[in-house]
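Residues per chain, in single letters:
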Amino acid sequence: MHERGYALVVIANNSTELINAQLFDGLIVFNYTASKAYFQKTVSGLNIPVVMMANKLEADNAANIIIDNRQALTSLCGLYGQSDHRQVCFFTGPEDSYNAQNRLAICQDYFKENYQIDITPDLYQGHFDFAPAYKAAKQLLATRQYNFFFCLNDVMAHGVYRAAEELGLKVGQDISVVGFDNIQAANPIFEPKLTTADANINLWSLEVVSNLLNRVAHKMPEKNQTTYIPTMMIPGDSVHFK
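These numbers come from a predicted model, not from an experiment.

*Asks:* It is not clear to me how the sheet that holds strand β5 (residues 123-125) should be interpreted in this structure. Could you clarify?
*Replies:* Through backbone hydrogen bonds, the strands of a sheet pair up, either in parallel or in antiparallel fashion. Taking strand neighbours across the sheet as the criterion, the four strands line up as β5-β4-β6-β7 in an open arrangement whose pairing is parallel. Strands with a single pairing partner mark the edges of an open sheet, and in this sheet they are β5 and β7 (176-178). If you compare each strand with its neighbour and ignore which way they point, the axes differ by 20° on average. Sheet topology note: the strand β6 (residues 148-151)/β7 ladder contains three bridges and is parallel. Note on β7: the bridge partner recorded for F150 is V178. Where helix α5 (residues 130-142) meets the sheet, it contacts β4 (88-92), β5 and β6, and its direction lies at approximately 165° from that of β4.

Here it is, written out as structure tokens:
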């Protein structure tokens, strides 16, 4: 971006006043905490191109460049059928998070279609965070209610790992755990290695920047579009197989 003469300004909150101040040539949004309807109205009123990285909007000036959750989740869900751990639960993310709800819907459909299991009674809100996932996992593991923990991000999986360790349980032997996001690529905090999913971050970054700069250069926003960035399963040692 700097080579094209642009500076990147990072805003860590939903500052509508700043966004509407006409100070920017374009906008990259990684995530937002306002309602979708409110943010869609805000984006639609802007006369600049917008790229969404973790949400989908239908505004004409918005391009959604998001990871393909289904691609990797299909492989992760398939591991349940190969494991002898059959008591499965799911740790989910915030209700206003696109990725949390999209990943959950994919898992619900897969388990219903392939295993004839309705996972609704076995959902636990982990808020994509360590502390609530750790607390819930500690209670569930103490009663041995579940032995397969399907976490929709790696931070919650870390909470399950910690709870298991404190209770003297071994991940990959006594319980199975899967995650999503592959944070261990930058921070090896999982022992044993977590089975998770990863997106092509380099491709994602290039697509986002290229899309925004091309639309800024043409001055006219293109029609709403969605591009999916490939994901893949990263095998680890956290699932016990038959």
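Once the structure has been displayed, the description carries forward.
*Asks:* It is not clear to me how the packing of aromatic side chains should be interpreted in this structure. Could you clarify?
*Replies:* As enumerated under the stated definition, the model contains 16 aromatic pairs in all. Look at F30 and W204: their rings are 6.3 Å apart centre to centre, the planes differ by 45°, and that puts the pair in the tilted class. With F30 in the loop between β1 (27-29) and α2 (36-44) and W204 in helix α7 (residues 201-218), the pair connects residues that are 174 residues apart, well separated along the chain. Measuring from ring centre to ring centre gives 6.3 Å for F111 and F150, while their planes differ by 90°; the resulting arrangement is edge-to-face. Placement of F111 in helix α4 (residues 98-115) and of F150 in strand β6 is noted, with a sequence separation of 39 residues between them. Assigned by exposure class, F111 and F150 land together as buried. A cation sits over an aromatic face here: R103 above F180, 3.9 Å from the ring centre.

*Asks:* Can you walk me through the side chain of N55 in this structure?
*Replies:* Examined against the element boundaries, N55 turns out to sit in the loop between β2 (50-52) and β3 (62-67). The residues touching N55, leaving out its near neighbours within four places in the chain, are F30, N31, Y32, N64, I66 and Y98.

*Asks:* I tried to follow the side chain of Q40 on my own but got confused; where do I start?
*Replies:* As for its position among the elements, Q40 is in helix α2. Looking at Q40, its side chain comes within polar contact range of the main-chain nitrogen of E58, at 3.1 Å. Residues within four places of Q40 in sequence aside, it is in contact with L57, E58 and A59.

*Asks:* Could you clarify how one ought to interpret α2 in this entry?
*Replies:* Residues F39, Q40, T42 and V43 constitute the buried set of α2. For α2, the arc enclosing every buried residue in end-on projection is 160°, short of the 170-degree limit, so these residues lie on one face. Residues of α2 that are exposed and point over 90 degrees away from its buried face: A37 and K41.

*Asks:* Would you mind going over the pattern of salt bridges with me for this structure?
*Replies:* Think of it this way: side chains of opposite charge can pair up when their charged atoms draw near. Scanning the model with the defined rule gives two salt bridges in all. Where R103 meets D181, a salt bridge forms, and the shortest distance between an N and an O atom there is 3.3 Å. Of this pair, R103 sits in helix α4 while D181 sits in the loop between β7 and β8 (196-199); the two residues are 78 residues apart in sequence, bridging distant segments of the chain. By relative accessible area, R103 is classed as buried at 2%. On the basis of relative accessible area, D181 is assigned to the partly exposed category, the value being 32%. Notably, a salt bridge pairs E166 with K138, separated by 3.0 Å at the nearest N-O pair. Pair noted here: E166 is in helix α6 (residues 154-166) and K138 is in helix α5, with a separation of 28 residues, a long-range link. E166 gets classed as partly exposed once you look at its relative accessible area, which sits at 43%.

Rules behind the numbers
- Residues numbered from 1 in each chain as written.
- Predicted model: local features only at pLDDT ≥ 70, side-chain atom pairs only at ≥ 80, totals over all residues.
- Heavy atoms only, no water.
- Pairing = 2+ DSSP bridges.
- Helix = DSSP H or I, 4+ residues; strand = E, 2+ residues; numbered from the N terminus.
- Axes fitted to C-alpha atoms, helices over the stretch in contact; angles between N-to-C directions.
- Contact = heavy atoms within 4.5 Å.
- Phe/Tyr/Trp six-rings, centres within 6.5 Å; stacked < 30°, edge-to-face > 60°.
- Buried < 20%, exposed > 50% of the residue type's maximum accessible area, 1.4 Å probe, protein only.
- Lys NZ or Arg CZ within 6 Å of the ring centre and 35° of its normal.
- Polar contact = N/O pair within 3.5 Å; in protein donor to acceptor, adjacent residues only side chain to side chain.
- Arc of directions from axis to C-beta.
- Salt bridge = Lys/Arg side-chain N within 4 Å of Asp/Glu carboxyl O.

Remember that the coordinates give geometry; whether it matters functionally is a separate question.
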